[in-house]
Amino acid sequence: FQLYGYCYQDSNDIPDTLTTITELGSPLEMIQLLQTSWEDRFRICLSLVRLLHYLAHSPLGSVTLLDFRPRQFVIVDGELKVTDLDDASIEESSCTSNSDCFMEFPARNFTLPCSVEGRCQSMNEKRNLYNAYRFFFTYLLPHSAPSSLRPLLDKIVNATGNLNKHATGCLALELSPSPSVNSEFTQKCVKSANTQYRRVPEAFIPDENYRCWPSYHHKGCLLSVFDVNEAIEICDSYSQCKAFVLTNQTTWTGRQLVFFKMASNHIMPDPDKITYVKVTD
């Protein structure tokens, strides 16, 4: 969380008080997040991966968040940031045997090894990892993900739930998009399509909208695609889709935004768009 300033106060009325001024974020509402596009949720998960890495290798050592729940986080410009550090701890649990390194969660328990130094190995890091899995990854990653990515996402989520800390590294390395439109993320979404469409350059369909979910536009069906093939695949998956319009806008991953339409009766000139109309027999 970005710190802009702080003030330490020590008086008879308010002893040992530290007031901080931080960047403004939006409260994290899981239900609202599930209604956003998968790319936006994926971006949040990537920022959480970076946070997990920082907590495991902070200048103070491995830090655990004892109250690791959605209400302790906010969203700032699409990134997840922790805002409440009252329950942060750098103390690794001491132990004399593995049985002392017992972690209990509502759905599953773990026993970690006790090191020769008498400390539970990586307990802080793995407590954070499992809480990230049960509160975030398991909900935000698989839900409405691109079909071509689901096997990989399921593998990553399951590995994270088994406390495989390399799983988050896999998430960042295998899926993190580069500024280029030819990123690893977008390339995994390419699929071939057999349906015939007629290309109409410099054209737009202003009306004929229908709603789909998730959509970047609340009154229409506006989704992101890697290329025309993926747009055709999406259009074919909706019975009401008869055409789509490629815009010159892209998402943060470089994927192109496309309007999907239920008819093509009224096509207007537009130099910044390309329309594809489904060919009917």
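Just so we're clear, the structure is a prediction, and the values are computed from it rather than from any experiment.

**Q** I'd like a description of the state of the cysteines, backed by residues and values.
**A** Tallied over the entire structure, the rule returns four disulfides. Across a sulfur-sulfur distance of 2.1 Å, Cys-95 and Cys-114 are joined as a disulfide pair. Because the sign of the S-S torsion sets the handedness, a value of about 95° for the bond joining Cys-95 and Cys-114 places this disulfide among the right-handed ones. Here Cys-95, found in the loop between β7 (88-89) and β8 (102-104), pairs with Cys-114, found in the loop between β9 (109-111) and α3 (123-140); they are 19 residues apart in sequence, far enough to count as distant. This pair shows no difference in class: Cys-95 is buried, exactly as Cys-114 is. Note that Cys-212 is cross-linked by a disulfide to Cys-221, the S-S spacing being 2.0 Å. Judged by the sign of its S-S torsion, about 95°, the cystine formed by Cys-212 and Cys-221 is right-handed. For the chain, the bonded cysteines connect in the pattern 1-3, 2-4, 5-6, 7-8 when numbered consecutively along the sequence.

**Q** Mind laying out a nonpolar patch on the surface, listing which residues take part and the relevant values?
**A** Where nonpolar side chains cluster on the molecular surface, the patch consists of Leu-3, Tyr-6, Tyr-8 and Leu-18 and spans about 480 Å² of accessible area. Here the element with the most residues in the nonpolar patch is strand β1 (residues 3-9); it accounts for three residues. Here Leu-18 shows up in strand β2 (residues 17-22).

**Q** Can you tell me about the sheet that holds strand β12 (residues 243-250), naming the residues and giving the values?
**A** An order of β10-β14-β12-β13-β11 is seen for the five strands of this open sheet, with the pairing classed as antiparallel. The open sheet is flanked by β10 (197-204) and β11 (221-225), the only strands paired with a single partner. Neighbour-to-neighbour, the strand axes of the sheet open up by a mean angle of 30°, direction not taken into account. Pairing between β11 and strand β13 (residues 256-261): five bridges, direction antiparallel. Counted as the bridge partner of Val-225 is Gln-256 from β13.

Calculation rules
Residues numbered from 1 in each chain as written. Predicted model: local features only at pLDDT ≥ 70, side-chain atom pairs only at ≥ 80, totals over all residues. Heavy atoms only, no water. Disulfide = S-S within 2.5 Å. Helix = DSSP H or I, 4+ residues; strand = E, 2+ residues; numbered from the N terminus. Buried < 20%, exposed > 50% of the residue type's maximum accessible area, 1.4 Å probe, protein only. Patch = residues over 30% accessible without salt bridge, like charges linked within 9 Å, V, L, I, M, F, W, Y side chains within 5 Å. Areas by Shrake-Rupley, 256 points an atom, 1.4 Å probe, with all protein chains shown as cover. Salt bridge = Lys/Arg side-chain N within 4 Å of Asp/Glu carboxyl O. Pairing = 2+ DSSP bridges. Axes fitted to C-alpha atoms, helices over the stretch in contact; angles between N-to-C directions.

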